[in-house]
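Observations on the model geometry
The chain contents come next:
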Amino acid sequence: SRSGAAMAASPGALRRAGNEEFRRGQYGPAAALYTRALALLEASGTARPRAGAGGGRPQAEPLSRLCPGAGEAAAEERSVLLANRAACHLKDGACRLCVADCSGALELVPFGIKPLLRRAAAYEALESYSLAYVDYKTVLQVDCTVQAAHDGVNRMTKALLEKDGVNWRQKLPPIPTVPVSAQTRWSIPSAGAPRANAPSQAEPGENVPWGLMAQTDQAAAGMERARTLKEEGNELVKKGNHKKAVEKYSESLQLSQECATYTNRALCYLTLKQYKEAAQDCTEALRLDPKNVKALYRRAQALKELKDYKSSIADIKSLLKTEPKNTAALRLLQELNRA
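The rules behind each value
Residues numbered from 1 in each chain as written. Predicted model: local features only at pLDDT ≥ 70, side-chain atom pairs only at ≥ 80, totals over all residues. Heavy atoms only, no water. Helix = DSSP H or I, 4+ residues; strand = E, 2+ residues; numbered from the N terminus. Buried < 20%, exposed > 50% of the residue type's maximum accessible area, 1.4 Å probe, protein only. Contact = heavy atoms within 4.5 Å. Areas by Shrake-Rupley, 256 points an atom, 1.4 Å probe, with all protein chains shown as cover. Core = buried A, V, L, I, M, F, W, Y, C linked by side-chain atoms within 4.5 Å. Expected span 1.5 Å × (residues − 1). Arc of directions from axis to C-beta. Axes fitted to C-alpha atoms, helices over the stretch in contact; angles between N-to-C directions. Parallel < 35°, antiparallel > 145°, perpendicular 65-115°, else oblique. Left-handed = near helix turned anticlockwise from the far one by under 90°. Nonpolar A, V, L, I, M, F, W, Y, C, P; charged D, E, K, R; others polar. pLDDT = per-residue confidence, 0-100. Salt bridge = Lys/Arg side-chain N within 4 Å of Asp/Glu carboxyl O.

Looking only at helices and strands, the protein chain features 17 helices and 0 strands. Within the protein chain, buried positions represent 46% of all 339 residues. Of the contacts made within the protein chain by residues no fewer than 6 positions apart, 55% connect residues no fewer than 24 positions apart. Entry remark: accessible area of the protein chain is about 17300 Å², with carbon and sulfur atoms responsible for 54%.

Ranked by size, the top nonpolar core spans 34 residues in total, and within it Leu117, Tyr133, Tyr136, Val139, Ala149, Met156 and Leu160 carry the most contacts. Listing elements by their share of this core, those giving two or more residues are helix 5 (70–91), helix 6 (95–108), helix 7 (113–125), helix 8 (129–142) and helix 9 (147–164). Of the residues forming this core, the biggest block, 8 residues, is contributed by helix 7. Excluding its chain neighbours within four sequence positions, the residues that come into contact with Ala149 are Leu117, Tyr136, Val139 and Leu140.

Right, let's get into helix 3 (residues 27–44). For the α-helix, the turn length of 3.6 residues means that residues three or four positions removed from each other point alike. The terminal C-alpha atoms of helix 3, which comprises 18 residues, lie 26 Å apart, in line with the 26 Å expected from a rise of 1.5 Å per residue. Every buried residue belonging to helix 3 is among Tyr27, Ala30, Ala31, Leu33, Tyr34, Ala37, Leu38 and Leu41, and all of these are buried. Within helix 3, the buried residues cover an arc of 160° as seen down the axis, which keeps them to one side.

Two numbers describe how helix 6 lies on helix 7: the axes approach to 9 Å, and their chain directions differ by 155°. Relative to helix 7, the element helix 6 is oriented roughly antiparallel. Crossing hand, helix 6 versus helix 7: left-handed. Residues Cys95, Cys98, Val99, Cys102, Ser103, Ala105 and Leu106 of helix 6 pack against Pro115, Leu116, Arg118, Arg119, Ala122, Tyr123 and Ala125 of helix 7. A per-class count over the contact of helix 6 with helix 7 returns 11 nonpolar, 1 polar and 2 charged.

Moving on, we come to unusual backbone geometry. Phi angles above zero are rare outside glycine, and Glu127 is one such case at about 65°. For Glu127, a relative accessible area of 33% translates into the label partly exposed. Positioned with a positive phi, Lys273 is a non-glycine residue whose angle comes to about 60°. As for its position among the elements, Lys273 is in the loop between helix 13 (259–271) and helix 14 (275–288).

As a further point, take the confidence of the model for the protein chain. For the protein chain, mean pLDDT is 81; residues scoring 70 or higher make up 78% of the total. This stretch, residues 46–68, has a pLDDT under 50; its non-local contacts, to residues over four places away or in other chains, come to 42 contacts. Low confidence marks residues 184–214, where pLDDT is under 50. Its contacts with residues over four positions away, or in another chain, come to 55 contacts.

It is worth spelling out the environment of Leu272 at this point. Structurally, Leu272 is set in the loop between helix 13 and helix 14. In this structure, the C-alpha to C-alpha distance between Leu272 and His242, residues 30 residues apart in sequence, is 7.3 Å.

Next up on the list: the pattern of salt bridges. One pass over the structure, following the stated rule, counts 20 salt bridges. Across the salt bridge formed by Arg155 and Glu124, the nearest N and O atoms sit 2.6 Å from each other. Linking Arg155 in helix 9 with Glu124 in helix 7, this pair joins segments that are 31 residues apart in sequence. Taking relative accessible area as the criterion, Glu124 reaches 2% and is therefore assigned buried. Notably, a salt bridge pairs Lys163 with Asp164, separated by 3.6 Å at the nearest N-O pair. Residue class for Lys163 comes out exposed when judged on its relative accessible area of 54%. Because the salt bridges share partners, they merge into one network encompassing Glu124, Arg155 and Arg227.

Here you go:
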């Protein structure tokens, strides 16, 4: 059981401790502290907002009637904690967890710049370019001066043009219209108390990345470099130069652990008959995205070559739960059953 002191810690104290861990690069421990702070808020009963009419600001539960503003403050606090935990997930390459936390933060406080940017980065890493594009465009409606969003829109435009051709815009999900109230919320300082999630007023020690802009920019530059290296690797694969592609993917993975980079390198290892390395890369990819079809298929291929037929069949069966009609997987399963 935890010590009385730890149990008595307030959500704010836990958040500050989490921020400190984040600064030191301890993203797992930071996420655990944010999780404890969220549990404490949940237990106090002040952070159970329900969506307002028309998708507006969340309305607090009846408790806040006794203490006006308490429900809204708790919703903001919870939103900040979710956005901060999302930053940890993004650093650790757990992109789906990052998306989930950002979406939770945005339900509580719509149009928050930080959760929108982090969710966009996670979608980009997951190669969900149209969803990333929508989030980057939404950020620019809130604040048109955010350079990271401009850069993101440019990258996604290029990626979607390559993927879907000149009519790529027709396939986009709708971009939400940001109400004027949400725009002014970020650009005009309020006369009242500083809002927990407002970048213009956040104290450096209170909210992870606005107080760490240089570090965040550095991380963004690292992710951008990682993406470039991955694309260079992809080009080398197209040319059949798998050995050189492995080097590019390895450099990319040193900067950012992305599921797609692991599965791409695994493909190269399979071609180079380095089956053990291929299986290891797929395992890393599945740690980030447990249902990833490419990772399951390629690990099954590697395990088959390593003559671990039982594990290979288990991977194919897991894959078929997600995609029952995957012809390549069904064909491999037939081969394995004959082995």
